[in-house]
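Residue-level listing of the chains:
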Amino acid sequence: MKILVTGGAGFIGGNFCHFMVSKYPNYKIIALDALTYAGNLETLEPVMLKENFKFIKGDITDRRFIFELFELEKFDIVVNFAAESHVDRSIENPEIFIKTNILGTQVLMDASLNTNVNRFHQVSTDEVYGDLPLDDPALLFTENTPISTSSPYSASKASADLLVQAYFKTFKLPMSISRCSNNYGPYHFPEKLIPLMIKNALTNQTLPIYGKGDNVRDWLHVYDHCTAIDLIIHKGKVGEIYNIGGQNERTNLEVVNIILKELNKPQSLIKFVSDRKGHDLRYAIDASKIKSELGWKPIYDFDIGIKHTVKWYLENQKWVNNIISGEYIRFMEKHYS
Ligand code: NAD
Ligand code: TYD
């Protein structure tokens, strides 16, 4: 079995490569990544020399390159993680989100059809459903919640989902889609909430919280996301969408306070800053379909998972320091100024 993991040098794609390489010694796991600012080969160091793993640098929007690669490798399964993934960047510059997240997905699907790939799995997000109110905790996103996007990022992911569904109906592409809630864990790029707050707290920099910090996210440890995708690509039904989420809802302020407590740092580091434009209030996932149909069960409770994650960052500060490039610094200075 040969599996292509696009975006394999990113946060979730990298964790997925670690998971699959160790779980399936007889498979060949091939990571493809353009190594944008968010892609980092150091994330793949634990698997780089394994016999059942290979890394290829390349861009999913490069049609000729992708077609040649698919002809050469004859993948059985494609798991598409490659994307521009940061909402704040999509607000500042939507264009690359449209190119990578929509056109890149189309190129991969065309190449999959051309070489009869057995399963094309699109890694999507709960953000395609828009947001939920803060005052009705019983409301959750199901797979039937209508798409209603807020940011250029979520709009580009929703557009890709629609294209994937169209390729299923029109061209019989054997596809599946998963829509997961916010992930956290090792190798998370420090522009997203949790790793940014850990990094800033460790270096006694201010912790910028948008608005009042009462927005709610449903946190899932990245390991549990990997086990869910593993199940879907092996046992999930073709043509189906599966929600993935951990029932770990926390306000942003709660998350930041947990991190400060873990690191024994003062709350005075918190700074409330201008709210994000179009800021989604609450995400919360109903994952009963994947649980009942495929028997998926997350193993991490947030309070344990966040402790592990803070510990990982403490022990891997070299990884963080190495990825803070000139581009990273420029974005952070412009965005938070
Ligand atoms: P990430 O930004 O850490 O990684 C994305 C990877 O894609 C990077 O390594 C980058 O170099 C690569 N990439 C970007 N453009 C490319 C291109 N044109 N060709 C090849 N590679 C390219 O993102 P992540 O957090 O790991 O997210 C992975 C996927 O999961 C995304 O599709 C995202 O929408 C989805 N997702 C993320 C979350 C989350 O909480 N992070 C939740 C649900 C879904
Ligand atoms: P983020 O990690 O960007 O994920 P997403 O927007 O995809 O949910 O943000 C998570 C939450 O944290 C979101 O409500 C925005 C908020 N946030 C801050 O308050 N400050 C920050 O500096 C960042 C990056 C995010």
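No experiment lies behind these values; they were computed from the predicted model shown.

K.L.:
Could you give an account of the site of ligand 2, naming the residues involved and the relevant values?
P.N.:
Taken together, 19 residues are adjacent to ligand 2, and E127, R217, R276, H279 and Y336 come closest. In the model, an oxygen atom of ligand 2 is placed 2.5 Å from a nitrogen or oxygen of the E127 side chain. Between ligand 2 and the protein, one listed contact pairs a nitrogen atom with a backbone N or O atom of P208 at 2.8 Å. In the complex, 97% of the free accessible area of ligand 2, which totals 510 Å², lies under the protein chains. Breaking the shell around ligand 2 down by element, the ones donating at least two residues are α6 (193-202) and β8 (207-210).

K.L.:
Describe the nonpolar core, naming the residues involved and giving the relevant values.
P.N.:
Ranked by size, the top nonpolar core spans 31 residues in total, and within it I194 and I259 carry the most contacts. Broken down by secondary-structure element, the contributors of at least two residues to this core are α6, β8, α8 (252-262), α10 (302-315), α11 (317-323) and α12 (326-336). What I259 contacts, discounting residues up to four positions off in sequence, is I194, M197, I198 and I306. Residues L32, A111, V164 and Y167 belong to the second largest nonpolar core, which totals 30 residues.

K.L.:
Would you mind going over the site of ligand 1 in detail, with residue names and values included?
P.N.:
Taken together, 29 residues sit near ligand 1, with I12, D33, S85, Y153 and K157 positioned nearest. Between ligand 1 and the protein, one listed contact pairs an oxygen atom with a backbone N or O atom of G39 at 3.5 Å. One nitrogen or oxygen atom from the main chain of F81 is found 3.1 Å from an oxygen atom belonging to ligand 1. The protein chains hide 96% of the 830 Å² of surface that ligand 1 would expose on its own. Those elements that place two or more of their residues in the shell around ligand 1 are α1 (11-23), β5 (119-125) and α5 (152-171). Broken down by element, the shell around ligand 1 gets its largest block of residues, 3 residues, from β5. Here the residues of the shell around ligand 1 are counted per class, giving 13 nonpolar, 12 polar and 4 charged.

K.L.:
Describe the packing of aromatic side chains, and please don't skip the residues or the numbers.
P.N.:
Under the criterion given, the structure shown has 20 aromatic pairs. Seen from their ring centres, F97 and Y153 are 6.4 Å apart, and the 80 degrees between their planes marks the pair as edge-to-face. With F97 in helix α4 (residues 95-114) and Y153 in helix α5, this pair connects stretches of sequence that are 56 residues apart. Here Y153 falls in the buried class, since its relative accessible area comes to 9%. When the ring of Y167 is compared with that of F171, the centres are 4.9 Å apart and the planes differ by 70 degrees; the resulting orientation is edge-to-face. Remark: F171 and Y167 occur in helix α5; sequence separation between them is 4 residues, near one turn of the helix. Judged by relative accessible area, Y167 falls into the buried class, the value being 8%. By relative accessible area, which is 46% here, F171 ends up partly exposed. Put simply, the rings of Y187, W312, Y313 and W319 touch in pairs and so form one group of aromatic residues. The cationic tip of R89 hangs over the ring face of F331; the distance from NZ or CZ to the ring centre is 4.1 Å. Taking NZ or CZ as reference, K289 lies 4.9 Å from the ring centre of Y242, over its face.

Quick notes on the rules
- Residues numbered from 1 in each chain as written.
- Chains lettered and ligands numbered in written order.
- Predicted model: local features only at pLDDT ≥ 70, side-chain atom pairs only at ≥ 80, totals over all residues.
- Heavy atoms only, no water.
- Near = heavy atom within 4 Å.
- Polar contact = N/O pair within 3.5 Å; in protein donor to acceptor, adjacent residues only side chain to side chain.
- Areas by Shrake-Rupley, 256 points an atom, 1.4 Å probe, with all protein chains shown as cover.
- Helix = DSSP H or I, 4+ residues; strand = E, 2+ residues; numbered from the N terminus.
- Core = buried A, V, L, I, M, F, W, Y, C linked by side-chain atoms within 4.5 Å.
- Buried < 20%, exposed > 50% of the residue type's maximum accessible area, 1.4 Å probe, protein only.
- Contact = heavy atoms within 4.5 Å.
- Nonpolar A, V, L, I, M, F, W, Y, C, P; charged D, E, K, R; others polar.
- Phe/Tyr/Trp six-rings, centres within 6.5 Å; stacked < 30°, edge-to-face > 60°.
- Lys NZ or Arg CZ within 6 Å of the ring centre and 35° of its normal.

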